[in-house]
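Fold and geometry: a report
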Amino acid sequence: MTSTTLANPSAARVAQRGNVWGRRFLIAAAWLIFTLFLLLPLYVVVNEALKQGLGTFFTSILEPDALSALKLTLIAVGISVPLNVVFGVAAAWCVSKYDFKGKSLLVTLIDLPFSVSPVIAGLIYVLMFGAQGWFGPWLQDHDIQIVFAVPGIVLATIFVTVPFVARELIPLMQEQGTQEEEAARLLGANGWQMFWHVTLPNIKWGLIYGVVLCTARAMGEFGAVSVVSGHIRGMTNTLPLHVEILYNEYNHVAAFSVASLLLALAIFILLLKQWSESRINRLKASAAEE
Amino acid sequence: MSRRISPVIPGFGLTLGYTLFYLSLLVLIPLAAMFIKTTQLSWDEFIAIISAPRVLAALKLSFVTALIAALINGVIGTLLAWVLVRYKFPGRKIIEAMIDLPFALPTAVAGIALTALYTPTGLIGQFADSLGFKVAYTPLGISLALTFVTLPFVVRTLQPVLADIPREVEEAATCLGAKPLQVIRYVLLPALLPAWLTGFSLAFARGIGEYGSVIFIAGNMPMKTEILPLLIMVKLDQYDYAGATAIGVLMLVVSFILLLFINLLQRRISTTS
Amino acid sequence: MSIQISKVNKHFGAFQALNNIDLNIQSGELVALLGPSGCGKTTLLRIIAGLETPDTGRIAFHGEDVSNREVRERNVGFVFQHYALFRHMTVFNNVAFGLRMKPKNERPSEKIIAEKVHDLLNLVQLDWLADRYPEQLSGGQRQRIALARALAVEPKVLLLDEPFGALDAKVRKELRRWLARLHEEVHLTSVFVTHDQEEAMEVADRIVVMNKGVIEQIGAPAEVYENPASDFVYHFLGDSNRLYLDPENHILFRPHEVALTRQAEADYQAAEVRDIRPLGAITRITLKVNSQDEPIEAEVIKDHASLNGLTRGQILYFKPKAVTTAHQ
């Protein structure tokens, strides 16, 4: 075989045909993995939820304990997401617009909660505010309950979602640079006008993307919240904890009904994410063009 | 350039101050509190807690199942990333969007869904059962649950790198006489390896700490299917704060060493290639 | 509005970007800051604008010290190299931005803003693009919109950073002639930064040649070209030949300042023809002199007598017509 040079058109065609089969095989494998690992679990959730009909499904998600769990989840999301948005914008601002010593250390610290187990995230607040904790006696004297109550759940949720917004904004703002801000200042804008009219519209989609990811995690956090919640039904249960309780009581249909509610929210979040991502890619493309 | 601050972009002091304040209050001080709490134990007491057979068994289980999950993801994640970047095919957009499902789906939901899927009466579990092996309530089940929750890491870190490798590079290699396997070995792998390691280590670290998706499928038998994060919960339920804290410190140290090791490996690879 | 720059120094870490800069710019003048990249010209422009603070020294507008004045109160128009148009705003809103940012009591009504924006867009001949977004414009169009935006706030000084740097050769030529004409019309004190000596010569009233953070020479284009103050200026302003008289001394002359003949004559030096390149109206000949490795280039009109039947390897005799400097 001396005719393996690619100048030989038939050899090239053979290689091409080999590619087609390899390609078909890989695509089929991707579909198989996708079905086995991602689609089937979804199917199971919906299937189990509807096992006893739509009536049972609605009873399960509308019973008072489920609704109060929903309410607590919304409170945790409603407090942690805005706080992390403000933090994320501030952190991204100082990291992307200035150079200073220790910047990479700061970025590492911002990412730190990602590499800490959620159980530890809960544990540290118990150690701070629990009865045996640093502030425990003081809190007890003043009759303030943090751990095994709503504030603890909110704190744990904030901890696990700290990096999301900052992480999305930092690369975007670094790519965009500071020239538009400088131009705005030269044209007479004050600091607030510059931020509001120039910076914010430019990072809008990155911000939405970060909020979406942050919301998803805040809504679904389980381990950290589980440690600090105390599992009091109707009081300190979030939706994921409610799912756990129902499941452990062998009330599978109810557990999967509430789970499918969370699943629907997750799918909605994925759609939002996809949409904001496409807008960011457009922004990045226009930034790269300049 | 040590400290370059533009005089016209305001807010450096304010934003840096707020960032440090927020991080200290919510992350750094509480984490420090855990380390300070452990200093209340003597060294011997600390060693006694973390070398208890139950702790060591849990550590080994968490480590091995997370490693297996990360390795599985290293293979199927690479495959998915490759297919999504390189090929256009029906359903590509759906797969692309759904890859992030494990990040969006609450872990508890993933946990009960996977358990239902893999119990001996479940959709997949019954096949396994007829072949004579169990998935749910075994380390295999734990690995599968971890594979699910960490699936996006390898895919998402590889995708942008793959997209950035121009096809011309492969074509150039082919024109220089390289066979397909040689193109993969000498052209693609070196370019992908750093990102692959990043994805792998993220999945590994997340797997060691993961709780929600695992506890349903694990069975939680001490010495057999009890993961390390669960052991912290057990200690807390017994009001054994010292024990929980010691295990927490152990976990943090293990994942820190792990990340450090992979970081060094990555540096080594990027300097040799 | 005249600009006085005195004793300005600027460091970035250990790097000295500007070293004791003194410069006076007259009212209504169009001045080019010319130099290679890293010479400090952009830093100087940004210091004039107030985008950087000098370590020491002062900037005065019309004798009034503005060193401590905030950028938004300096009233300068600035055109960035990559334009820095607000990508999420239409062309109209970009140009209107400066007017809308004025404090309430000074802010014109939307009707007056609209009139003013359209006047400016007409001035830059792009009124028909008012509703487009920056990403839909060509480089040359973006450049002119950036200029219109800078002019909207009626600045007393116009500063341009490499205004033609990102454009292709043809658009660049058109635009720089247009800028020179525009300057004739509005007569605004203007400073622009460039690394292209042809651009500086064609557009500017005066050229400030900079190198390594210091000013090498200030003068009208003809002056810096004919009487360069240093070897650096000589080299930077055009092609040059170096002919060594002995190891210590050399003379500099430009390729078009060479006399050629086929026969040996007094004062002429023999050289071997290495290359002959017809470049349209002129022809360039590369010559090799025995005494040095560095070749000599000569440019003569294409029907020059000495070119008749000339081939490589032949001997030609040359003489520098105008020796400009003899430094060492």
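Keep in mind the model is a prediction, meaning the values are calculated, not measured. (Residues numbered from 1 in each chain as written. Chains lettered and ligands numbered in written order. Predicted model: local features only at pLDDT ≥ 70, side-chain atom pairs only at ≥ 80, totals over all residues. Heavy atoms only, no water.)

1. Quick look at the UniProt feature "transmembrane region" (unreviewed entry) in chain A
Residues and elements named next belong to chain A. In the numbering used here, UniProt assigns the feature "transmembrane region" (unreviewed entry) to residues 25-46, 66-93, 105-126, 146-166, 207-232 and 252-272. Span residues 66-93 is 100% helix and 0% strand, its end C-alpha atoms 40 Å apart. End C-alpha atoms of residues 252-272 are separated by 30 Å, and the span's content is 100% helix alongside 0% strand. (UniProt positions renumbered as here; feature names shortened; annotations may be inferred. Helix = DSSP H or I, 4+ residues; strand = E, 2+ residues; numbered from the N terminus.)

2. What about the sheet that holds strand β13 (residues 258-261) of chain C?
Paired through backbone hydrogen bonds, the strands of a sheet run either parallel or antiparallel to each other. Residues and elements named next belong to chain C. The strand order across the open sheet formed by five strands is β13-β17-β14-β15-β16, and the pairing between neighbours is antiparallel. Strands at the two margins of the open sheet, each flanked by one partner only, are β13 and β16 (296-301). Put simply, the sheet's adjacent strands are angled 45° from each other on average, direction ignored. The pairing of strand β15 (residues 282-288) with β16 spans six bridges and is antiparallel. Among the inter-strand pairings, Leu287 is bridged to a residue of β16, identified as Ile296. (Pairing = 2+ DSSP bridges. Axes fitted to C-alpha atoms, helices over the stretch in contact; angles between N-to-C directions.)

3. Considering the interface of chain C and chain A
Facing 24 residues of chain C, the contacting portion of chain A comprises 22 residues. For the pairing of chain C and chain A, the buried interface totals around 2,300 Å² over both sides, and the portion due to carbon and sulfur atoms is 55%. The interface formed by chain C and chain A includes three salt bridges. Among the salt bridges present, the one from A:Glu182 reaches C:Arg46, with a minimum N-O distance of 2.6 Å. For the pair chain C and chain A, the interface holds seven residue pairs in polar contact (both at pLDDT 80 or more). For the side of chain C that touches chain A, the elements supplying multiple residues, two or more each, are α1 (41-49), β6 (76-79), α2 (91-100) and α4 (139-152) of chain C. No other element matches α4(C), which puts three residues into the side of chain C that touches chain A. The residue makeup of the side of chain C that touches chain A, split by class, is 14 nonpolar, three polar and seven charged. (Contact = heavy atoms within 4.5 Å. Buried area = accessible area lost by both parts, 1.4 Å probe. Salt bridge = Lys/Arg side-chain N within 4 Å of Asp/Glu carboxyl O. Polar contact = N/O pair within 3.5 Å; in protein donor to acceptor, adjacent residues only side chain to side chain. Nonpolar A, V, L, I, M, F, W, Y, C, P; charged D, E, K, R; others polar.)

4. Digging into the domain arrangement of chain A
Residues and elements named next belong to chain A. Each domain of chain A was delimited in the assignment, giving domain 1 (19-50) and domain 2 (54-289). Residue-level contacts link seven residues of domain 1 with nine residues of domain 2. When domain 1 packs against domain 2, the two sides together hide about 640 Å² of surface, and 82% of this comes from carbon and sulfur. At the junction of domain 1 and domain 2, the tally comes to zero salt bridges. If you look at where domain 1 meets domain 2, you find zero residue pairs in polar contact (both at pLDDT 80 or more). (Domains from an automatic or database assignment.)

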